[in-house]
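Below, each chain spelled out in residue letters.
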Amino acid sequence: MADTAVTTPLRSPLSHAADRLAAATRTSGGAIRLAELPFLTQINVRLDPKGAAADAVGLTLGLQLPVEPDTVVRTGKLTALWLGPDEWLVVGPPGGQQDLESRIREAAGDEPVSVIDVSAQRTTLLVAGSRARDVLAHGCSLDLHPRVFGPGRCAQTNVGRTQVVLVARDDPRAGFWVLVRSSFAGYLTDWLLDAAVEWTG
């Protein structure tokens, strides 16, 4: 029998704001770049960092899970963010949830491990450009100076009173990822656009 199921195309939490983000980027003359990076694969992993599973998962992913607080390890298309002494967020390209989750589970074997697909929980905002730090500093209490929060750093923090995971990208010109819960993404986008008005308006 033919499959008659209706498939609804995925709609990102900020699809309605894409034009506004693009307009702000355009009018800033390079000072600010704002965009949504929708549907990134996000897998939350919890395990003993000193156990056999950590080494096995690292080998499978081609990267060692970072053990220094608030640091990031990247290799190829995968990024591992330190969230706690035994907790990481592994981020990859869209559509890779099932493969990544099964690879981590298989690598861990019989070792105690928690592997949860949280891709639908958050979306990601890109904040880049020469004034990216200035925009974020309007509502973030962290010291965002490159000497303190430069490439390879991440933090669970607040931006504009919204809980986020903030990630400094490898190249300072690449700016920041702001991982925000989908239900707060619209509010945070409005806040960022307002904070950037000095350079976009």
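Right above here is the structure, for reference.
Not measured: the values here are computed from a predicted model.

Student: I'm lost on helix α2 (residues 52–61) in this one. Help?
Tutor: Every α-helix winds through 3.6 residues per turn, so residues three or four apart in the chain are directed the same way. Three or more residues of α2 are buried, namely Ala53, Ala54, Val57, Gly58 and Leu61. Taken around the axis of α2, the buried residues stretch over an arc of 135°, which confines them to a single face. Within α2, the exposed residues directed more than 90 degrees away from the buried face are Ala52 and Leu59. Those residues of α2 that are buried are in contact with β2 (41–47), β3 (72–75), β4 (78–84), β5 (87–92) and α3 (97–108). Of the residues one or two after α2, Gly62 is the one with positive phi, at around 80°.

Student: What is the right way to look at the side chain of Thr162 in this model?
Tutor: By the element assignment, Thr162 lies in strand β9 (residues 162–168). Exposure remark for Thr162: the relative accessible area of 1% places this residue in the buried category. With near-sequence residues (within four places) excluded, Thr162 lies in contact with Thr157, Val180, Phe184, Tyr187 and Leu188.

Student: Teacher, can you tell me more about the layout of surface pockets here?
Tutor: Over the atoms rolls a probe the size of a water molecule, and its path tells where empty space is left. Estimated volume of the largest pocket: approximately 230 Å³. Contributing to the lining of the largest pocket are 13 residues, with Gln121, Arg122, Gln156, Val165 and Arg181 lying nearest its centre. Of all the elements in the fold, those that place two or more residues in the lining of the largest pocket are β8 (154–159), β9 and β10 (176–181). A per-class count over the lining of the largest pocket returns five nonpolar, five polar and three charged. The volume enclosed by the second largest pocket comes to roughly 190 Å³. Along the walls of the second largest pocket sit Leu10, Pro13, Phe39, Pro94, Gly95, Gln97, Ser119, Ala120, Arg122, Thr123 and Ser182, which together make up its complete lining.

Student: Can you walk me through the packing of helix α1 (residues 18–27) against helix α5 (residues 182–195) in this structure?
Tutor: Two packed helices can be described by the angle between their axes and the distance between those axes. Look at α1 against α5: their axes get within 11 Å of each other, and the N-to-C directions meet at 20°. When the interaxial angle is binned, α1 and α5 end up roughly parallel. Here α1 and α5 pass one another in a crossing that is left-handed. Where α1 approaches α5, its residues Arg20, Leu21 and Ala24 are matched on the opposing element by Thr189, Asp190 and Leu193.

Student: Before we go on, may I ask you to explain α3 in this structure?
Tutor: Helix length check: α3 (twelve residues) gives 17 Å between terminal C-alpha atoms against 16 Å at 1.5 Å per residue, within 8%. Taken together, the buried positions of α3 are Leu100, Ile104, Ala107 and Ala108. Taken around the axis of α3, the buried residues stretch over an arc of 100°, which confines them to a single face. Across from the buried face of α3, at angles greater than 90 degrees, the exposed residues are Gln98 and Glu106. Against the buried residues of α3 lie β2, α2, β4, β5 and β6 (113–117). Trailing α3 by a residue or two, Gly109 shows a phi angle of about 60°, which is positive.

Student: Explain the nonpolar core to me, please; I cannot follow it from the model alone.
Tutor: The nonpolar side chains of soluble globular proteins are, as a tendency, buried together. Leu125, Leu136, Leu166, Val178, Leu188 and Leu192 are the most contacted members of the largest nonpolar core, which has 30 residues in total. With six residues, the single largest contributor to this core is α5. What Leu136 contacts, discounting residues up to four positions off in sequence, is Val127, Leu144, Val159, Leu166, Phe176, Val178, Trp191 and Leu192. Counting 19 residues, the second largest nonpolar core, distinct from the first, contains Leu47, Leu78, Trp88 and Ala108.

Student: Whenever I open this one, the packing of α2 against α3 confuses me. Can you help?
Tutor: Relative orientation of the contacting elements α2 and α3 amounts to 140°, with a least axis distance of 8 Å. The orientation of α2 relative to α3 falls into the category oblique. In this structure, the crossing between α2 and α3 has a hand that is right-handed. In this structure, α2 contributes Ala53, Ala56, Val57, Thr60 and Leu61 to the contact, and α3 contributes Leu100, Arg103, Ile104, Ala107 and Ala108. Looking at side-chain class alone, the contact of α2 with α3 contains eight nonpolar, one polar and one charged residues.

Parameters and conventions
Starting afresh in each chain, residues are numbered from 1 along the sequence in its written order. Confidence filtering applies because this is a predicted model: local features only for residues at pLDDT of at least 70, side-chain atom pairs given and counted only at 80 or more, and all residues used for totals across whole chains, interfaces and linings. To get the side-chain values, all heavy atoms of the structure are used, and hydrogens and water are removed first. Buried means the residue's accessible area, taken with a 1.4 Å probe over protein chains only, is under 20% of the maximum for its type, while exposed means over 50%, and partly exposed covers the values in between. Only DSSP runs of H or I covering at least 4 residues are called helices, and only runs of E covering at least 2 are called strands; the numbering of each starts at the N terminus. What the arc measures is the spread of directions leading from the helix axis to the C-beta atoms. Residues count as neighbours in contact if any of their non-hydrogen atoms are within 4.5 Å of one another. Two kinds of site are reported from a 1 Å grid over the protein atoms alone, namely cavities, where a 1.4 Å probe fits but cannot get out, and pockets, open sets with protein on both sides within 12 Å along at least five of seven lines, and residues are called lining when an atom falls within 4 Å of a point. Grid points are joined across faces, edges and corners, and a volume is the space filled by probe spheres set on the points. When residues are sorted by character, Ala, Val, Leu, Ile, Met, Phe, Trp, Tyr, Cys and Pro go into the nonpolar class, Asp, Glu, Lys and Arg into the charged class, and all the rest, Gly among them, into the polar class. The axes are straight lines fitted to the C-alpha atoms, using for helices just the contacting stretch, and the angles between their N-to-C directions are given from 0 to 180°. For classification purposes, angles smaller than 35 degrees are called roughly parallel, those larger than 145 roughly antiparallel, those between 65 and 115 roughly perpendicular, and all remaining angles oblique. Throughout, a crossing is termed right-handed when the near helix is turned clockwise from the far one, and left-handed when it is turned anticlockwise from it by less than a right angle. Helix span, expected: 1.5 Å multiplied by one less than the number of residues in the helix. Nonpolar cores were defined as sets of buried Ala, Val, Leu, Ile, Met, Phe, Trp, Tyr and Cys residues, with membership established by side-chain atoms within 4.5 Å.

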